[in-house]
Amino acid sequence: MRQVIAVIGGIPEALVDALCEAFDHGDRPTPEYANRPPSLDDVVERRARAARSGALPAKGDAAADTAAARAHFRDNLRFYGPPTAGYADVLRLRLGIDSDRPIVCTTAVKRFVLPQAPLEEYIQWSG
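For clarity, every value in this text was computed on a predicted model and none was experimentally measured.

Student: Explain helix H5 (residues 88-95) here, please?
Tutor: Since the α-helix turns once every 3.6 residues, residues separated by three or four places project in the same direction. Regarding H5, the residues found buried are Ala88, Val90, Leu91 and Arg92. At the C-terminal side of H5, Gly96 shows a positive phi close to 65°.

Written out as structure tokens, the structure is:
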């Protein structure tokens, strides 16, 4: 049996505030499920570093700026909200969800699909 909790009014913003508060206090995320392997191989580590080193400069910050990295992650909490935050304990507490119920969230952001460009627009064939 599924249970649906629809949040309206000021509740979504209050949830995001609670997520940001947990982040600001240094609480570690408590994802509902393992969203990555326990250890990352070299390729994944390199890609993660490259993503960080690209995202921060794109916002005008230095890639090694720890404060800017924290601000960037906090901005993600505010933009993406509860579904991607990884703070399942905060959601359970705020919404009164029992620990035996899985948390599955959907938002407009998660439903947004960026259309892919045709191969001809970004691959140059030679030979």
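There is more to say after this.
Student: What am I meant to see in the pattern of salt bridges here?
Tutor: Any two side chains of opposite charge can pair, so long as their charged atoms come close to each other. One pass over the full model with this rule turns up one salt bridge. Residue Arg74 pairs with Asp24 through a salt bridge whose shortest N-O separation is 2.9 Å. Of the two residues, Arg74 sits in helix H3 (residues 66-80) while Asp24 sits in helix H1 (residues 11-24), which places them 50 residues apart along the sequence. Of the residues examined, Asp24 reaches a relative accessible area of 42% and is grouped as partly exposed.

Student: In this structure, what is going on with a nonpolar patch on the surface? I would like to understand it.
Tutor: Taken together, the side chains of Leu119, Ile123 and Trp125 define a hydrophobic patch exposed on the protein surface, amounting to about 350 Å² of accessible area. The residue Ile123 is located in the segment after helix H7 (119-122) in this model.

Student: Is there a simple way to explain the environment of Ala71 in this structure?
Tutor: Position of Ala71 relative to the elements: it lies in helix H3. By relative accessible area, which is 38% here, Ala71 ends up partly exposed. Residues Ala71 and Leu56, 15 residues apart in the sequence, show an inter-C-alpha distance of 9.9 Å.

Basis of the calculations
- Residues numbered from 1 in each chain as written.
- Predicted model: local features only at pLDDT ≥ 70, side-chain atom pairs only at ≥ 80, totals over all residues.
- Heavy atoms only, no water.
- Buried < 20%, exposed > 50% of the residue type's maximum accessible area, 1.4 Å probe, protein only.
- Helix = DSSP H or I, 4+ residues; strand = E, 2+ residues; numbered from the N terminus.
- Salt bridge = Lys/Arg side-chain N within 4 Å of Asp/Glu carboxyl O.
- Patch = residues over 30% accessible without salt bridge, like charges linked within 9 Å, V, L, I, M, F, W, Y side chains within 5 Å.
- Areas by Shrake-Rupley, 256 points an atom, 1.4 Å probe, with all protein chains shown as cover.

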